[in-house]
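As a plain string of letters, each chain reads:
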Amino acid sequence: MNKDKIFKLAKGFRGRAKNCIRIARERVEKALQYSYRDRRTKKRDMRSLWIERINAGTRSHGVNYGNFMHGLMKENIQLNRKVLSELSMHEPYSFKALVDVSRNAFPGNKKVVLPPTKVGLSIVV
């Protein structure tokens, strides 16, 4: 890369990394490596966040994540994890309907074990 492009990419860096060509070239090259790597890790992180949200939503209805997804697969409901996590957060009644469909499709989901609720200092089961 030429000098102007290096300095344009190094804009906002601290110290001599923004105005000394040799240091700026090293810092820009490392920054591009980080951005390449993190574009891939961002996808992984988002998927794990969606799975956590779906798991939290399904456990509040007495089903775990794996059984819920297996029930949806058996019913041929093809919603991706991003949509399911949005439903679990913003559309609880629609998500409850999906949990019920999944529960009916997969025998492992039949037993409903709701999490204990807290009342004052004691836990009621």
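As named in an unreviewed UniProt entry, the chain is 50S ribosomal protein L20, taken from Dillenia turbinata. As stated in UniProt under Function (unreviewed entry), the record for the chain gives "Binds directly to 23S ribosomal RNA and is necessary for the in vitro assembly process of the 50S ribosomal subunit. It is not involved in the protein synthesizing functions of that subunit." Taken directly from UniProt, the Sequence similarities (unreviewed entry) text for the chain runs: "Belongs to the bacterial ribosomal protein bL20 family."

Attention now goes to the overall build of the chain. For the chain, the helix and strand inventory stands at 5 helices and 2 strands. N-terminal to C-terminal, the α/β element order of the chain is α-α-α-α-α-β-β. Looking at the chain residue by residue over its 125 residues, the buried ones come to 23%. If you take every contact in the chain between residues at least 6 apart in sequence, the share linking residues at least 24 apart comes to 50%. For the chain, the accessible surface area stands at approximately 9400 Å², while carbon and sulfur atoms represent 56% of it.

This paragraph deals with the nonpolar core. Core analysis: the largest hydrophobic core is formed by 11 residues, namely Ile54, Val63, Tyr65, Phe68, Met69, Leu72, Leu84, Leu87, Phe95, Leu98 and Val99. Per element, the largest residue contribution to this core is 4 residues, and it comes from helix H3 (residues 65-74). Apart from the residues lying within four places of it in its own chain, the contact partners of Leu98 are Phe68, Leu72, Ile77, Leu79, Leu84 and Leu87.

An α-helical segment advances 3.6 residues per turn. Residues three or four places apart therefore align on the same side. With 39 residues, helix H2 (residues 21-59) extends 55 Å between its outermost C-alpha atoms, agreeing within 8% with the 57 Å of an ideal straight helix rising 1.5 Å per residue. At Arg39, H2 shows its maximal kink, close to 25 degrees. Regarding H2, the residues found buried are Ala24, Val28, Trp50, Ile54, Gly57 and Thr58. Buried residues along H2 sit in contact with helix H1 (3-9), H3, helix H4 (81-90) and helix H5 (92-105).

A few words now on the environment of Asn80. Within the element layout of this structure, Asn80 appears in the loop between H3 and H4. Exposure remark for Asn80: the relative accessible area of 43% places this residue in the partly exposed category. In sequence terms Asn80 and Trp50 are 30 residues apart; their C-alpha atoms lie 9.6 Å from each other. From its side chain, Asn80 meets the backbone nitrogen of Val83 in a polar contact 2.9 Å long.

Right, let's get into the confidence of the model for the chain. Detailed reading of the predicted coordinates is not advisable wherever pLDDT falls low. In this model, the chain carries a mean pLDDT of 88, and residues with pLDDT of at least 70 account for 86%. Taken element by element, the chain is modelled with least confidence in strand E2 (residues 122-124), mean pLDDT 60, and with most confidence in H2, mean pLDDT 95.

Taken as a whole and judged by the stated rule, the model has 3 salt bridges. Arg37 is the salt-bridge partner of Asp38, the closest N and O atoms lying 3.0 Å from each other. With a shortest N-O distance of 3.2 Å, Asp100 and Arg103 are connected by a salt bridge. Pair noted here: Asp100 and Arg103 are both in helix H5, with a separation of 3 residues, about one helical turn. Residue classification places Asp100 among the partly exposed positions, given a relative accessible area of 26%. Shared partners join several salt bridges into a network, and the residues in it are Lys96, Asp100 and Arg103.

Rules of the game
- Residues numbered from 1 in each chain as written.
- Predicted model: local features only at pLDDT ≥ 70, side-chain atom pairs only at ≥ 80, totals over all residues.
- Heavy atoms only, no water.
- UniProt positions renumbered as here; feature names shortened; annotations may be inferred.
- Helix = DSSP H or I, 4+ residues; strand = E, 2+ residues; numbered from the N terminus.
- Buried < 20%, exposed > 50% of the residue type's maximum accessible area, 1.4 Å probe, protein only.
- Contact = heavy atoms within 4.5 Å.
- Areas by Shrake-Rupley, 256 points an atom, 1.4 Å probe, with all protein chains shown as cover.
- Core = buried A, V, L, I, M, F, W, Y, C linked by side-chain atoms within 4.5 Å.
- Expected span 1.5 Å × (residues − 1).
- Bend = angle between axes of the 7 residues up to and from the residue.
- Polar contact = N/O pair within 3.5 Å; in protein donor to acceptor, adjacent residues only side chain to side chain.
- pLDDT = per-residue confidence, 0-100.
- Salt bridge = Lys/Arg side-chain N within 4 Å of Asp/Glu carboxyl O.

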